[in-house]
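Topology and contacts: notes
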Amino acid sequence: MKITYYGQSCFQVNIGGYKILFDPFITYNPLAQGIDVNSIEADYILISHAHQDHMADAEAIARNTGATIVAIWEIHAYYEKMGLKTHPMNIGGKWPFEFGTVILTPANHSSSFSDGTYGGLATGFIIENDEHTFYFAGDTALFSDMKSIGDAHKPAFAFLPVGDNFTMGVKEAMQAAKLLGTKKVIGMHFDTFPYIQINHEESLLLASFNEINLSLPKVGEVIEL
Ligand code: NI
Ligand code: MN
């Protein structure tokens, strides 16, 4: 499985022959100025919540690519009004897409659009097909139901926020990985802004102490899993 990091919490995951884009935020990301938004391909855009650093480029990319936006009801309604293709979901629900099944999971965070529109609850995603199962946590605090998510789906790896201040930090992400029953974490939501800058060396040391394989990708980096 090929994963491309576009900064903050934006990843493109190639799975089942489809390109799934999570939480597009490129144009206003000071670390992603080398990325051309118009070059990003997507069949589906999954949006975890309505904060700008998770959706700022969703409309442009959806228009460029014809991708379907998959998100909680309130986010679907926001984009449907713009005439974009959407698939509404809500927490606890699952749907079999062509690339695999998406399960909308809870996240412990807030969610509103920058114009004040209510974004519904913040969410995460489990993606599973015959070959791969992984968890994209979105923005969230550590919460104990990650244990049930882990027990039910056994994700091979997890995208977890590690930047602290607005979400859990690296220390909590290690605990989250244990609850989820995975040894492989791809860090996200770090370094983009001063509030979420992290010490990489200390973070990687903490991960190795916890026997967790932590990736802290650079913007533009491709990860093969
Ligand atoms: Ni957020
Ligand atoms: Mn965020």
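Here, residues in each chain are numbered from 1, in the same order as that chain's written sequence. The order in which chains are written sets their letters, starting at A; the order in which ligands are written sets their numbers, starting at 1. Given that this is a predicted model, residues contribute local features only at a pLDDT of at least 70 and side-chain atom pairs are listed and counted only at 80 or more, while totals for whole chains, interfaces and linings are drawn from all residues. The basis for every side-chain value is the complete set of non-hydrogen atoms in the structure, without hydrogens or water.

This next bit is on the overall build of the protein. Here a helix means four or more residues in a row that DSSP labels H or I, a strand means two or more in a row labelled E, and each is numbered from the N terminus. Per the secondary structure count, the protein includes 6 helices and 14 strands. With C-alpha atoms as the basis for the radius of gyration, the globule rule is written as 2.2 Å multiplied by the number of residues raised to the power 0.38. Here the C-alpha atoms of the protein give a radius of gyration of 16 Å, agreeing with the 17 Å that 2.2 N^0.38 yields for 225 residues. Principal-axis analysis of the C-alpha atoms places the extent of the protein at approximately 50 × 35 × 35 Å. Note on classification: 1.4 Å probe, protein chains only; a residue is buried when its accessible area is under 20% of the maximum for its type, exposed when over 50%, partly exposed between these limits. Looking at the protein as a whole, 56% of its 225 residues qualify as buried. Contacts in the protein between residues far apart in sequence, at least 24 positions, make up 59% of those at least 6 positions apart. Only carbon and sulfur atoms are counted for the fraction: they give 50% of the accessible area of the protein, which is about 9,700 Å². Should any heavy atoms of two residues lie within 4.5 Å, those residues are counted as being in contact. Calculation of accessible area relied on Shrake-Rupley with a 1.4 Å probe; when residues are assessed, cover is drawn exclusively from the protein chains displayed.

Donor atoms are limited to N, O and S found within 2.8 Å of the metal ion, a distance that becomes 3.2 Å for Na, K and Ca. With water left out, some sites might look partial. Distances from the nickel ion (ligand 1) to its protein donors, His49 (NE2), His51 (ND1), His109 (NE2) and Asp139 (OD), fall within 2.2 to 2.3 Å. Counting residues between consecutive donors of the nickel ion (ligand 1) along the chain gives the motif H-x1-H-x57-H-x29-D. Distance-wise, the manganese ion (ligand 2) is placed 3.0 Å from the nickel ion (ligand 1), both being coordinated by Asp139. Taken together, the residues span a long stretch of sequence, with His49 in the loop between strand E4 (44-46) and helix H1 (52-55) and Asp139 in the loop between strand E10 (133-136) and helix H4 (146-153) at a distance of 90 residues. We classify Asp139 as buried; its relative accessible area is 2%.

Attention shifts here to the pattern of salt bridges. For this analysis, a salt bridge means a side-chain nitrogen from Lys or Arg found within 4 Å of a carboxyl oxygen belonging to Asp or Glu. Taken as a whole and judged by the stated rule, the model has 3 salt bridges. In this structure, Lys19 and Glu41 form a salt bridge, with 3.1 Å as the shortest nitrogen-oxygen distance. Of this pair, Lys19 sits in strand E3 (residues 18-22) while Glu41 sits in the loop between E3 and E4, placing them 22 residues apart in sequence. Relative accessible area serves as the criterion here: at 25%, Lys19 is assigned to the partly exposed category. Taking the relative accessible area as the measure of exposure, Glu41 reaches 44% and is therefore partly exposed. Between Glu59 and Arg63 there is a salt bridge whose closest N-O contact spans 2.9 Å.

As a further point, take the pairing of strand E9 (residues 123-128). Counting buried positions along E9 gives 5 out of 6 residues, so the element sits mostly inside the fold. Pairing between strands requires that DSSP locate at least two bridges from one strand to the other. Sheet analysis places strand E8 (residues 100-106) next to E9, joined by 6 bridges and oriented antiparallel. Bridge assignment links Thr101 to a residue of E9, and that residue is Glu128. Pairing of E9 with E10 involves 4 bridges; the strand directions are antiparallel. Each residue of the ladder has a partner; that of Phe125, found in E10, is Phe136. Between the end of E9 and the start of E10, which pair antiparallel, lie 4 residues.

Time to look at the coordination of the manganese ion (ligand 2). A metal bound by six donors in octahedral fashion has ideal angles of 90 or 180 degrees, whereas one bound by four tetrahedral donors has an ideal angle of 109.5 degrees. All of the protein donors around the manganese ion (ligand 2) are Asp53 (OD), His54 (NE2), Asp139 (OD) and His189 (NE2); their distances to the metal are 2.1 to 2.2 Å. Here the donor residues for the manganese ion (ligand 2) map to a single chain with the spacing D-H-x84-D-x49-H.

So, about a nonpolar patch on the surface. For patch building, the residue pool is restricted to those with more than 30% relative accessible area and no salt bridge; the joining distance is 9 Å between like charges and 5 Å between nonpolar side chains (Val, Leu, Ile, Met, Phe, Trp, Tyr). Residues Ile91, Tyr118 and Leu121 make up a contiguous nonpolar surface patch of roughly 300 Å² in combined accessible area. Position of Leu121 relative to the elements: it lies in the loop between E8 and E9.

In this section: the sheet that holds E9. With respect to topology, 7 strands assemble into an open sheet ordered E7-E8-E9-E10-E11-E12-E13, the strand pairing being mixed. Looking at the sheet topology across the chains shown, the edges are occupied by strand E7 (94-97) and strand E13 (213-215). Taken over all neighbouring pairs, the strand axes of this sheet differ in orientation by 20° on average, direction set aside. Axis definition: a line fitted to C-alpha atoms, over the contacting stretch in the case of helices. Angles run 0 to 180 degrees between N-to-C directions. Taken strand by strand, helix H5 (residues 170-180) contacts E10, strand E11 (157-161), strand E12 (184-188) and E13, and its axis lies near 150° from that of E11.

Function cannot be inferred from these measures alone, as they are strictly geometric.
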